Amino acid sequence: MASWETLLAFATLTLLVAYFPGPALLYTAAQTIAHGKKAGLMAMLGIHLGCYLHVFAAAFGLSAVFKHVPELYLAVKLAGAFYLVWLGIGMIRSRIGAPEQTARPAKTVRRALVDSFIVEVLNPKVALFFIALLPQFVDPAGSLPVWAQLLILGVIVNFAFSSADLVTVFGATVVMKTMKASRAGFAFGRWLGGSLMIGLGVKLAVDKG
């Protein structure tokens, strides 16, 4: 592995990136505000599991295909953007229950897990992020093979990202509890969550690179 100084720089950069407000944090907040804490936690888990596909792809060189086949990158990016917009519209149009209803249907919670996994997998920018960041902190002459070093660093980054998502879920839960005090506030929470989803989808679609 790299030197302790390099690993310290890696840890610092990872935490800065993880806790800087970005699409993943906004997505997790949207799921939590719209569907509650359990759905938010499932969204966090779905993102975490989906991220492992990008970690493995980076470790074994599969992510590089996005750099050499821009058409594939664009296709995956647009698919992910469309899926986010579709989720946002569905969230806004979903039936509003009673404000005092605290329990979320098991189907909604499971759906948050599946949706989040798909959203993460269909975000090629995550793949490019890993192949841009991780190799900077690998020691080719180290005792571990390069792929193993990439894998270890990727797992560390993923857990750092998930810790930020967890903080977001609990923060958004406070907002959600305030909103559900009234039917109007509960409806606004769904609208806000759906709007965040749609906005993230549009941003992903129009962003260059």
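Criteria and cut-off values
Residues numbered from 1 in each chain as written. Predicted model: local features only at pLDDT ≥ 70, side-chain atom pairs only at ≥ 80, totals over all residues. Heavy atoms only, no water. Salt bridge = Lys/Arg side-chain N within 4 Å of Asp/Glu carboxyl O. Helix = DSSP H or I, 4+ residues; strand = E, 2+ residues; numbered from the N terminus. Buried < 20%, exposed > 50% of the residue type's maximum accessible area, 1.4 Å probe, protein only. Axes fitted to C-alpha atoms, helices over the stretch in contact; angles between N-to-C directions. Parallel < 35°, antiparallel > 145°, perpendicular 65-115°, else oblique. Contact = heavy atoms within 4.5 Å. Nonpolar A, V, L, I, M, F, W, Y, C, P; charged D, E, K, R; others polar. Core = buried A, V, L, I, M, F, W, Y, C linked by side-chain atoms within 4.5 Å.

Draft legend 1. The pattern of salt bridges, seen in detail. Under the definition given, this model contains three salt bridges. Here Asp207 ties to Lys125 by a salt bridge, and the two come within 3.3 Å at their closest N and O atoms. One end of the pair, Asp207, is in the segment after helix H9 (183-206); the other, Lys125, is in helix H7 (residues 124-133), with 82 residues separating them in the sequence. When its relative accessible area of 22% is taken as the criterion, Asp207 is described as partly exposed. Of the residues examined, Lys125 reaches a relative accessible area of 27% and is grouped as partly exposed.

Draft legend 2. Structural view of the packing of helix H5 (residues 70-93) against H7. Orientation of H5 relative to H7, taken along the N-to-C sense of each, is 130 degrees, at an axis distance of 8 Å. Between H5 and H7, the crossing angle belongs to the class labelled oblique. Across the interface between the two elements, Tyr73, Val76 and Lys77 of H5 pack against Pro124, Lys125 and Leu128 of H7. Within the contact of H5 with H7, the residues separate by chemical class into four nonpolar, no polar and two charged.

Draft legend 3. Just the nonpolar core, in detail. By size, the foremost hydrophobic cluster in this structure holds 20 residues, and its most contacted members are Phe10, Phe130, Leu134, Leu153 and Val157. Looking at this core, the elements that each hand over two or more residues are helix H1 (4-19), helix H3 (37-59), H7 and helix H8 (146-179). For this core, the leading source of residues is H8, giving seven residues. Counting residues in each nonpolar core, the second largest holds 14 residues, with Tyr27, Tyr83, Leu84 and Val119 among its members.

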